[in-house]
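# Observations on the model geometry
Here's the letter readout for the chains.
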Amino acid sequence: MSGTDYNYDEQGQFFPYFILTITSLVTIPVTYSWLKPSKELENTATRITSDFTPEHADLIDGQRKKQKRRERRLKRMLLSVFGWLVIAYMAYLMVVTARTVPKIWDPYDVLGVSRSASEKEIKSFYRRLSLTLHPDKAREDPERNITKETINDHWVDVTKAFKALTDEEVRKNYLEYGHPDGKQSFSIGIALPKWIVTEGHGKYVILMYALALGVILPWTVGRWWYGIQRLTKEKVLVASAGNLFREYDNDHGDSGVVGVLSAGEEFGEVLKGQRSEAGLSKLEQKVLSEDAEAPLKDSLTQKDRRKIMEMDDTLRRKVLTLLWSYLGRIELDDSTLNDEKFAVSPIALLLNEAYTAITLAYGNTTGVISAYHTSQNLIQASRPGASPLEQLPYFTPAVAKAAEADKARTHLSIQQFMEVPATQRKARVVGPGLLSEAQYKDAMAVAQQIPVLKVEKAFFKVIGERFVTPSSLVQFIVKARFIPPGVNVPPVNESDLEDIDPAEGDIDAITGRKDDRAGQKPIQPPLAHAPYYARDHAPRWHIFLADSKQGKVAVPPFTFSTFDKPILNESGKPTFNVQTLKMQFGAPPQAGSYTFVMHMVCDSYIGMDTKMEVTLNVEEASKAEAMDDEDEISEPDEDSLAGQMATLKGGAPAPKKRRPQKDDSDSDGSDTEGDVESESETDTDTDTDDE
């Protein structure tokens, strides 16, 4: 007898192995993605301490909690928990379910004789067994589950064992195939229940395959693919990106960008159904008011007002009025409208990142600056043209106006206000209708925690070279310190302003890919102090070079959110460490002197941008080589007469020397000394349309 027998898992002995394997393939990766620590900077930064509670803090906190619930990855958590429960149950079944384990057939065990017994002893023992186990001699015993069938089966087994040890042919089968009957069939257990192949169930199996392969699999793959294709790398809908692209205009200005952002399709998720029209007339009345005390009276241009009134799309019209009510911090006297006002601002900031990418593609400096300023306004809930002082707790437009002493033709930045003598500063804003002592104290405490990045030095260099040559790989290096407003600043250490070349052969350092803090917690400033913005936001600094004559971006922005040295010490005080920020780009292909305007813009705070002129001197390669040759100081070679005389005098000839190499910033190839100018000193003087 021979063959192969496929046995289906009728008793559920193998099915747990199948389920456990399939479930593990899904559960383990999902669990890893669920428990993997988030690398978002918003989850690792500290916070600026303040006792300030904005109006409608409950609505703002509610929006933040909604976002956190999304970030908790609830679906993945539930799937992981369910998967591990299934795995645990399958493991339990594998342990407790009785399984039929094939036992190796052994004639000695069947007869109960030792392996050293002789044939005579085996025959004698067999005859004794026949007296008690033969079907004619043995008796049934229902209580011990001994039936006639079991008696017959057992006696057949005893007979086979006896013949396997005494009959030559049977013994040969046993030795060759392990069984007295010869070759046996091979049984394979399949971890599927037998009903799958039972006659009449085929239609159900076909239906299951059709659902799995024709519906579930295509739907899953399609949903995954569509989810990827419908978003850009900025995580906005492709349709929204198309709308922003069509709306782009270099002359929009800061207020015009707000109107462009209202074209995003994402707002439809927040304002579904009738919510797209509910309260629109009330919103328009509040936003478009031209009363003397209306918050947006001077911020909304006639062009902006016409744009709102001429919109036919009610959803977009409501989104735009909600955005302006948020920027103007307008009280809408309706909890639903106020909640929607705080819900649309994070969406607008996300869309603004996509719009910034579009402006960079066009390369117009004014468009890029307007996009960055819109980011500042959205995070700080500040209308375009508002005083930067309104970023401080309790500072309303009236308080900010009083702080500027009613004499300033332009707005003061927080840095400038903190430079005013303390007694005079306090006298301006503390009093009836203004701030209390406690409010003033909290506002000043917040001001002294805001991270203002001040440029100490900026220069160009080529690693390992004294001069910048055409088409070489240039590094633009910015040395800066975090200096909070209103604190005593120690002088900078000149040695910290130098940039030391990496070791020869350190390719990662030379190409800028080396990360000395890999695997460590990033060094970053505190989260942006933005009490009205319904998200946590880590500040980012964008540095780019512009051609002021053409009004174009010459070197695209490099973004910095983490730094190489601690910003605060263990007690939370500023360290004033010099931070090194590097940009790398190709030098112009022609020799000459190139003057750029460096813009450093923080995306989170208003009035803290920096603008300065920097000059890149590119030398002809032949001229640079000639200058290097002139700097060589020749020494006598060892095999020359002068070298031998030096040796006789007791000293080996000195190796060739080079003159001390000066700092790159002092060389002709990297002259970048210039006055640092704050873009945000005033609202009028900081207009970058001419850049």
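Residues numbered from 1 in each chain as written. Predicted model: local features only at pLDDT ≥ 70, side-chain atom pairs only at ≥ 80, totals over all residues. Heavy atoms only, no water.

## What to know about the overall build of the protein
Across its full length, the protein carries 23 helices and 12 strands. Taking all 691 residues of the protein together, 41% fall into the buried category. In the protein, once contacts between residues fewer than 6 apart in sequence are set aside, the share between residues at least 24 apart is 71%. (Helix = DSSP H or I, 4+ residues; strand = E, 2+ residues; numbered from the N terminus. Buried < 20%, exposed > 50% of the residue type's maximum accessible area, 1.4 Å probe, protein only. Contact = heavy atoms within 4.5 Å.)

## Section: the packing of helix 10 (residues 253-261) against helix 16 (residues 365-380)
At a minimum axis separation of 9 Å, helix 10 and helix 16 run at an interaxial angle of 75°. By the angle between their axes, helix 10 is roughly perpendicular relative to helix 16. Residue-level contacts link Gly-253, Asp-254, Val-257, Val-258 and Leu-261 of helix 10 to Ser-370, His-373, Thr-374 and Leu-378 of helix 16. Here the contact of helix 10 with helix 16 is built from residues that sort into 4 nonpolar, 4 polar and 1 charged. (Axes fitted to C-alpha atoms, helices over the stretch in contact; angles between N-to-C directions. Parallel < 35°, antiparallel > 145°, perpendicular 65-115°, else oblique. Nonpolar A, V, L, I, M, F, W, Y, C, P; charged D, E, K, R; others polar.)

## Some thoughts on the nonpolar core
A general trend in soluble globular proteins is that nonpolar side chains are found buried together. Counting 101 residues, the largest nonpolar core has Phe-395, Phe-476 and Met-598 as the members making the most contacts within it. The dominant element in this core, judged by the number of residues it contributes, is helix 15 (residues 335-362), at 10 residues. (Core = buried A, V, L, I, M, F, W, Y, C linked by side-chain atoms within 4.5 Å.)

## Quick notes on helix 16
An α-helical turn contains 3.6 residues, so any two residues separated by three or four positions project in the same direction. Its 16 residues place the ends of helix 16 23 Å apart at the C-alpha level, agreeing with the 22 Å of an ideal helix rising 1.5 Å per residue. Burial of helix 16 is extensive: 16 of the 16 residues sit out of reach of the surface. (Expected span 1.5 Å × (residues − 1).)

## Some points on the sheet that holds strand 4 (residues 473-482)
Taking strand neighbours across the sheet as the criterion, the 3 strands line up as 3-4-7 in an open arrangement whose pairing is antiparallel. The sheet is open, and its two edges are formed by strand 3 (453-461) and strand 7 (578-586), each paired on a single side. Sheet twist, expressed as the mean angle between neighbouring strand axes with direction ignored, is 20°. Pairing between strand 4 and strand 7: 9 bridges, direction antiparallel. Pairing of Ile-477 across the sheet is with Lys-582, part of strand 7. (Pairing = 2+ DSSP bridges.)

## Concerning a positive patch on the surface
Together, Lys-65, Lys-66, Lys-68 and Arg-69 give the surface a local cluster of positive charge. Among the secondary structure elements, Arg-69 is positioned in helix 2 (residues 57-71). Take Arg-69: its relative accessible area is 46%, and that puts it in the partly exposed class. (Patch = residues over 30% accessible without salt bridge, like charges linked within 9 Å, V, L, I, M, F, W, Y side chains within 5 Å. Areas by Shrake-Rupley, 256 points an atom, 1.4 Å probe, with all protein chains shown as cover. Salt bridge = Lys/Arg side-chain N within 4 Å of Asp/Glu carboxyl O. Lys, Arg positive; Asp, Glu negative; His and termini not counted. Charge placed at Lys NZ, Arg CZ, Asp CG, Glu CD.)

## Details of the UniProt feature "transmembrane region" (unreviewed entry) in the protein
UniProt annotation of "transmembrane region" (unreviewed entry) refers to residues 14-35, 77-98 and 204-226 when read in the numbering used here. Annotation note: span residues 204-226, helix share 100%, strand share 0%, distance between end C-alpha atoms 31 Å. (UniProt positions renumbered as here; feature names shortened; annotations may be inferred.)

## Digging into the pairing of strand 8 (residues 592-602)
The pairing of strand 5 (residues 541-547) with strand 8 spans 6 bridges and is classified as antiparallel. Within strand 8, the position partnered with Ala-546 by the bridge is Val-597. Two strands pair when backbone bridges link them, and strand 8 and strand 9 (residues 610-618) are joined in this way by 9 bridges, in the antiparallel orientation. From the neighbouring strand, Met-600 faces strand 9, where its bridge partner is Thr-610.

## Some thoughts on unusual backbone geometry
At Ala-381, a residue that is not glycine, the phi angle is positive and equals roughly 50°. Looking at the element boundaries, Ala-381 is found in the loop between helix 16 and helix 17 (397-403). Residues other than glycine seldom take positive phi values, yet Phe-576 does so here, at roughly 60°. Here Phe-576 lies in the loop between strand 6 (552-560) and strand 7. Assessed through its relative accessible area of 15%, Phe-576 is described here as buried.

## Observations concerning the pairing of strand 6
Pairing of strand 5 with strand 6 involves 6 bridges; the strand directions are antiparallel. The residue of strand 6 that forms the bridge with Leu-545 is Val-555. Where strand 5 folds back onto strand 6 in an antiparallel hairpin, the turn is made up of 4 residues, including Gly-551, whose phi is positive at roughly 65°.

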